[in-house]
Amino acid sequence: MLDLKSLPKAHLHLHFAGSMKESTLRDLSKKYNISIPEKIYSNPFSSLPSSRRGWHLFQKLYDVALSCIKTEADFRRIIIEAADNDMKDGSKRLELQINPNDYLHIGKSLEGVLELALDQAKLSSRDTGVEIAIIVATSRTASAKEAEKTAQVASNYVGEQAGQVVAFGLSNDELAGRTKDFKQAFAIAKQAGLYSVPHGGELLGDEHIWQIVRALKPDRIGHGVRATVDHVMLEKLADDEIALEVCPTSNVALGVFQSHKQVPIRELLGSGVRFSINADDPLLFKSRLLDQYKLLRDVNGLFDREIIRVAKMSISSSFATYSQKTKWLKEIDNIKY
Ligand SMILES: [Zn+2]
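What comes next concerns the included structure. Small disclaimer: the values here were computed from a predicted structure and weren't measured.

**Some remarks on the overall build of the chain**
Move 1: Helix and strand counts for the chain stand at 14 helices and eight strands.
Move 2: By its C-alpha atoms, the chain is 50 × 45 × 40 Å across when sized along the principal axes.
Move 3: Burial analysis of the chain (337 residues in total) assigns 60% to the buried set.
Move 4: Contacts in the chain between residues far apart in sequence, at least 24 positions, make up 74% of those at least 6 positions apart.
Move 5: About 13,600 Å² of surface is accessible on the chain, with carbon and sulfur atoms providing 49% of the total.
Move 6: Within the chain, one finds 45 positive and 43 negative side-chain charges whose respective centroids are separated by 2 Å.

**Examining the pairing of strand β5 (residues 195-200)**
Move 1: In terms of residue burial, β5 counts as a mostly covered element, since five of its six residues are buried.
Move 2: Relative to β5, strand β4 (residues 165-171) runs parallel, the two sharing four bridges. From the neighbouring strand, Leu 170 faces β5, where its bridge partner is Pro 198.
Move 3: Note that the unit made of β4, helix α6 (residues 183-191) and β5 has a crossover that is right-handed.
Move 4: Note: β5 against strand β6 (residues 220-223), two bridges, orientation parallel. Directly across from His 199, in β6, lies its bridge partner Gly 222.
Move 5: Taken together, β5, helix α7 (residues 206-216) and β6 constitute a β-α-β crossover, and its handedness is right-handed.

**Topic: the environment of Phe 319**
Move 1: Mapped onto the elements of the fold, Phe 319 is located in the loop between α13 (304-316) and α14 (322-333).
Move 2: The buried category is assigned to Phe 319, whose relative accessible area is 7%.
Move 3: Between the C-alpha atom of Phe 319 and that of Gln 161, which follows or precedes it by 158 residues, the distance is 8.7 Å.
Move 4: Each residue touching Phe 319, except ones within four places of it in the same chain, is listed here: Arg 93, Glu 95, Glu 160, Val 166, Ala 167, Tyr 195, Val 197, Asp 219 and Arg 220.

**Points about the coordination of the zinc ion**
Move 1: Protein coordination of the zinc ion is provided by His 13 (NE2), His 15 (NE2), His 199 (NE2) and Asp 280 (OD), with donor distances spanning 2.1 to 2.6 Å.
Move 2: Read in sequence order, the donor residues coordinating the zinc ion give the pattern H-x1-H-x183-H-x80-D. Taken together, the positions of His 15 in strand β1 (residues 9-15) and His 199 in strand β5 put the pair 184 residues apart, joining distant regions of the chain. Assigned by exposure class, His 15 and His 199 land together as buried.

**Looking at α14**
Move 1: Counted at 1.5 Å a residue, the expected span for α14 with its twelve residues is 16 Å, and the 16 Å between its end C-alpha atoms agrees.
Move 2: If you check which residues of α14 are buried, you get Gln 324, Lys 325, Trp 328 and Ile 332. Around the axis of α14, the buried residues are gathered within 95 degrees of arc, so they sit on the same side. Residues of α14 that are exposed and point more than 90 degrees away from the buried face comprise Tyr 322, Ser 323, Lys 330 and Asp 333.
Move 3: Elements that come into contact with the buried residues of α14 comprise β2 (91-98), β3 (131-139) and α13.

**Things to note about α7**
Move 1: The complete set of buried residues in α7 reads His 208, Ile 209, Trp 210, Ile 212, Val 213, Ala 215 and Leu 216.
Move 2: Of the residues flanking the end of α7, it is Lys 217, one or two places downstream, whose phi is positive at about 45 degrees.

**Here's the deal with the pattern of salt bridges**
Move 1: Tallied over the full model, the rule gives 20 salt bridges.
Move 2: Between Glu 131 and Arg 93 there is a salt bridge, and its shortest N-O distance comes to 2.6 Å. With Glu 131 in strand β3 and Arg 93 in strand β2, this residue pair connects regions lying 38 residues apart in the sequence. Comparing Glu 131 with Arg 93 shows no difference in burial state: the two are buried.
Move 3: Among the salt bridges present, the one from Arg 126 reaches Asp 127, with a minimum N-O distance of 3.1 Å.
Move 4: Look at Asp 127 and you get exposed, because its relative accessible area is 54%.
Move 5: Taken together, the salt bridges that share partners define one network made up of Arg 93, Glu 95, Glu 131, Arg 220 and Glu 245.

Rules used in this analysis
- Residues numbered from 1 in each chain as written.
- Predicted model: local features only at pLDDT ≥ 70, side-chain atom pairs only at ≥ 80, totals over all residues.
- Heavy atoms only, no water.
- Helix = DSSP H or I, 4+ residues; strand = E, 2+ residues; numbered from the N terminus.
- Buried < 20%, exposed > 50% of the residue type's maximum accessible area, 1.4 Å probe, protein only.
- Contact = heavy atoms within 4.5 Å.
- Areas by Shrake-Rupley, 256 points an atom, 1.4 Å probe, with all protein chains shown as cover.
- Lys, Arg positive; Asp, Glu negative; His and termini not counted.
- Charge placed at Lys NZ, Arg CZ, Asp CG, Glu CD.
- Pairing = 2+ DSSP bridges.
- Right-handed = clockwise from strand over helix to strand, strands pointing away.
- Donors = N, O, S within 2.8 Å, 3.2 Å for Na, K, Ca; no water.
- Expected span 1.5 Å × (residues − 1).
- Arc of directions from axis to C-beta.
- Salt bridge = Lys/Arg side-chain N within 4 Å of Asp/Glu carboxyl O.

Interpretation in functional terms is not warranted from these geometric data alone.
Here it is in structure tokens:
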């Protein structure tokens, strides 16, 4: 049987604060005397009916976790631990998403926060062997002006390798803001050579994916899982080679699907659209990268050869260099199972 842990894979959708370990949150909250809702340590979403899950609770808990990252050392610790966890799960490439505007409270400029992330990404890549590139994300709650400024700053650090900014994202509540207001920010990022990776098609359906495709020219879409209801959309994504970053546990936690079985993994496999599977925010969803692969086997019933296909798609839809991708794909081909 295929060993999922040692299967080379790429992790393309992971948020900075959401990657935090529970023990780290306990440490930091104690150190700064910040009170943390106890439910963050259990599975805060599983006890709710799917109709009552959703963004509001998620954002509240995420913001508390974020407020515990106060110093440069705390900030570095998050990346060190994210890299370590990815290494343990067999990840070769991590594209870690961060909105530098969220961390100005550590006493640095936007550039300073980003340089800190890039520096630690480079160091942790060296220490763990997981190649870590950064996705700079703006928030759907930001003004167009703030988004454009963020894109401009990100544009100064463009590259595909460890410790470089590889893409520009759009995160936070999919129901907030207007997609078209971020068009200029994404144009700035694309012009500078950054890939476009907005969130969409999770809390809203395929109509919103169409809007995103038209306005933000995505190379990948964060989630996009609800595209499966629209065959014309699926054809468009396949033809234009726009990959999806599917996050199964996140979908269930936020009530997009009632159970893991309903996440349309088989439909995606048959669609011709490239996709990866990802953890999104393990601190809140209690499920890391390797767990997503276990679900493919245990809940979605994928055979080993199909799981290998998903791992290969995660690597091919990463923004690593051609030579790195070729190397990792070869490693997969050499696996005996
Ligand atoms: Zn996300």
